[in-house]
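One letter stands for each residue in the lines below.
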Amino acid sequence: MSAASSLLSEEQFLCSICLDVFTDPVTIPCGHNFCKNCITQHWDINAPCQCPLCKTRFHRRPVLHVNTFISEMAAHCPDQRCAKPGEVPCDVCTGTKLKALKSCLVCLASYCETHLEPHQRTTSLKRHKLIDPVENLEGRMCKKHDRPLELFCKTDQMCVCLLCTVLDHKLHGIVPLEEEYEGKKAELGKTEAEIQQMIQERQLKIQEIKHSVELSKEDADREIADSVRVFTALMQSVERGQAELIETIEEKQKTTEKQAEGFIKELEQELSELMKRTAEVEQLSRTEDHLHLLQSFPSLNTPPHTKDWTEVSVHRSSYEGTVRRAVAQLEETVRKEMEKLLEAELKRIQQYAVDVTLDPDTAYPSLILSDDGKQVNCGDVKKNLPENPERFSVCPCVFGKQSFSSGRFYYEVQVKGKTDWDLGVARGSINRKGKITLSPNNGYWTVCLRNGDEYKASAGPSVVLSLKSKPQKVGVFVDYEEGLVSFYDVDAAALIYSFTGCTFTEKLYPYFCPGNNDGGKNSAPLIISPVNHND
């Protein structure tokens, strides 16, 4: 029964004149059925009166009788091939529109299976260009010459008709649509690959940011634990200081998490846009519609505007010195605890040790550098060296070869046996050809020794430092994002001085000044020492 119904719905319910589902079906004496209006109009136009199918002639126009069986069956069994919303309907069907099977680029019309039959049978129609059904076939005609758009002008990057090539686009590079289609499709493949790469990069960046947050959280948890251990050993009077310290740490962590959330949200928004774009590119890449691909290509070939995430990262807030500064207020009561904290702090920052070597192209001519670039002292003879822009010309200074524009770094310098030295970091853009005034405003963050026992921080004005012991080895630590430069007495595990709240906007270089020879009194070299990572 179902097979019969399917057969009827597809064959017996179609009028052979309009090729549509019967409307008021009638039967003529030869037994064939037609729409009442179709057969009436056929006989009004054509003579003699005969059946359009079997050509049986009738001496008089037959009386038409409604075929109630077909009428009822057609009403209860609608054609399953009717065009649904979003599908291309047949342009020939009257009444109920069937789904188009193909579109003809010559006829500029779409045809269902039945109305497509002449294009498959008639020799002249077989030469027509058929494609999968598309809407707006008028858009495939040249608006100026009313000819099919079947060529592509590579000079003007537009689809043209044959007449355009001899008029408006004469002498231009003209190729068939199919040839340009293949080229653009290949470019779309590259674009899709680039977008996929961008998606992967952003997914990796999200993982990197989340990992940075986790590490920052670990740092915060460790610092909070240290603060609890320290303040638990103190009298009740220091509880307020403990609470303030924890709040400061947690605020820094919240800032880090907030920053990370902002980056992740922005990345996810870009991912959403990229996913959407790649879906559109994939859909366009699968189309066989040459014109549609070429017309849509300019808007989809260019990846969406996105941010360059290469240098973006979540800064892990630095807590070095936070507990120390809070506990220092307790003076002698917390002195021993302070010593323990400083020792632990130094061990933590030593993990950021970097390999620094001296740059001979920046060295003042009287400086003597070792072959391995790890030692420098000042001689009595000024060598005849090239006066390059990087070289210090007045003061006995030298830069390290390495520069830093993000993150944290640490190195140690032996100052044993010296009576005069400067150590620290400096901006790469400082003036190297005149007299140097050490201060952060001039691009220097340094500490120095003068006359064998006068220690100062060149903070502009200088800060006199009172040290319990004479450092033999100085550690220099920089946290670029935190704006922190700290100096340590490595052997005593004691802080010498910290520059805080600094603003760095360019590359920083390790800075060394061994001081003048002073008749041999200051002949000992500054030695960049390997960092001993003690457990």
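Everything below is about the structure shown above.
These lines cover the structure that appears in this document, whether it is placed above or below. Computed from a predicted structure; not experimentally measured.

A separate point is the sheet that holds strand 4 (residues 102-104). Sheet strands line up and pair through hydrogen bonds in the backbone, either parallel or antiparallel. A sheet is described by the order of its strands in space; here three strands give the open sequence 5-4-6, paired in antiparallel fashion. A strand with exactly one partner marks an edge of an open sheet, and here the two such strands are strand 5 (109-111) and strand 6 (130-131). As paired strands, strand 4 and strand 5 are joined by three bridges and run antiparallel to one another. Looking at strand 5, one finds that Cys-104 is bridged to Ala-109.

Quick look at the pattern of salt bridges now. Going through the model one piece at a time under the given rule, you end up with 25 salt bridges. Among the salt bridges present, the one from Asp-44 reaches Arg-61, with a minimum N-O distance of 2.9 Å. Of the two residues, Asp-44 is situated in helix 2 (residues 36-45) and Arg-61 in the loop between helix 2 and strand 3 (65-66); the sequence distance between them amounts to 17 residues. Taking relative accessible area as the criterion, Asp-44 reaches 51% and is therefore assigned exposed. Ionic pairing is found between Glu-280 and Arg-277, a salt bridge with its closest N-O pair at 3.8 Å. Of this pair, Glu-280 and Arg-277 both sit in helix 8 (residues 239-286), three residues apart, which is roughly one turn of that helix. One salt-bridge network, held together by shared partners, links Lys-154, Glu-180 and Lys-184.

Let's shift gears to the nonpolar core. Of all hydrophobic cores here, the largest spans 49 residues; its most connected members are Phe-392, Trp-421, Tyr-511 and Phe-512. Those residues within four positions of Trp-421 in sequence are excluded, and the remaining contacts are Val-415, Val-447, Cys-448, Leu-449, Arg-450, Tyr-455, Val-474, Cys-513, Pro-514 and Leu-526.

Turning our eyes to something else, we now look at the pairing of strand 22 (residues 526-529). Covered by surrounding structure in strand 22 are Leu-526 and Ile-528 together with Ile-527 and Ser-529, the residues of both alternating faces. Alignment of strand 11 (residues 375-378) against strand 22, held across two bridges, turns out to be antiparallel. Directly across from Gln-375, in strand 22, lies its bridge partner Ile-527. Relative to strand 22, strand 13 (residues 408-414) runs antiparallel, the two sharing three bridges. Each bridged residue has a counterpart across the sheet, and for Val-413 the counterpart in strand 22 is Ile-528.

Calculation rules
Residues numbered from 1 in each chain as written. Predicted model: local features only at pLDDT ≥ 70, side-chain atom pairs only at ≥ 80, totals over all residues. Heavy atoms only, no water. Pairing = 2+ DSSP bridges. Helix = DSSP H or I, 4+ residues; strand = E, 2+ residues; numbered from the N terminus. Salt bridge = Lys/Arg side-chain N within 4 Å of Asp/Glu carboxyl O. Buried < 20%, exposed > 50% of the residue type's maximum accessible area, 1.4 Å probe, protein only. Core = buried A, V, L, I, M, F, W, Y, C linked by side-chain atoms within 4.5 Å. Contact = heavy atoms within 4.5 Å.

Everything listed is a geometric property; what it means functionally is a separate question.
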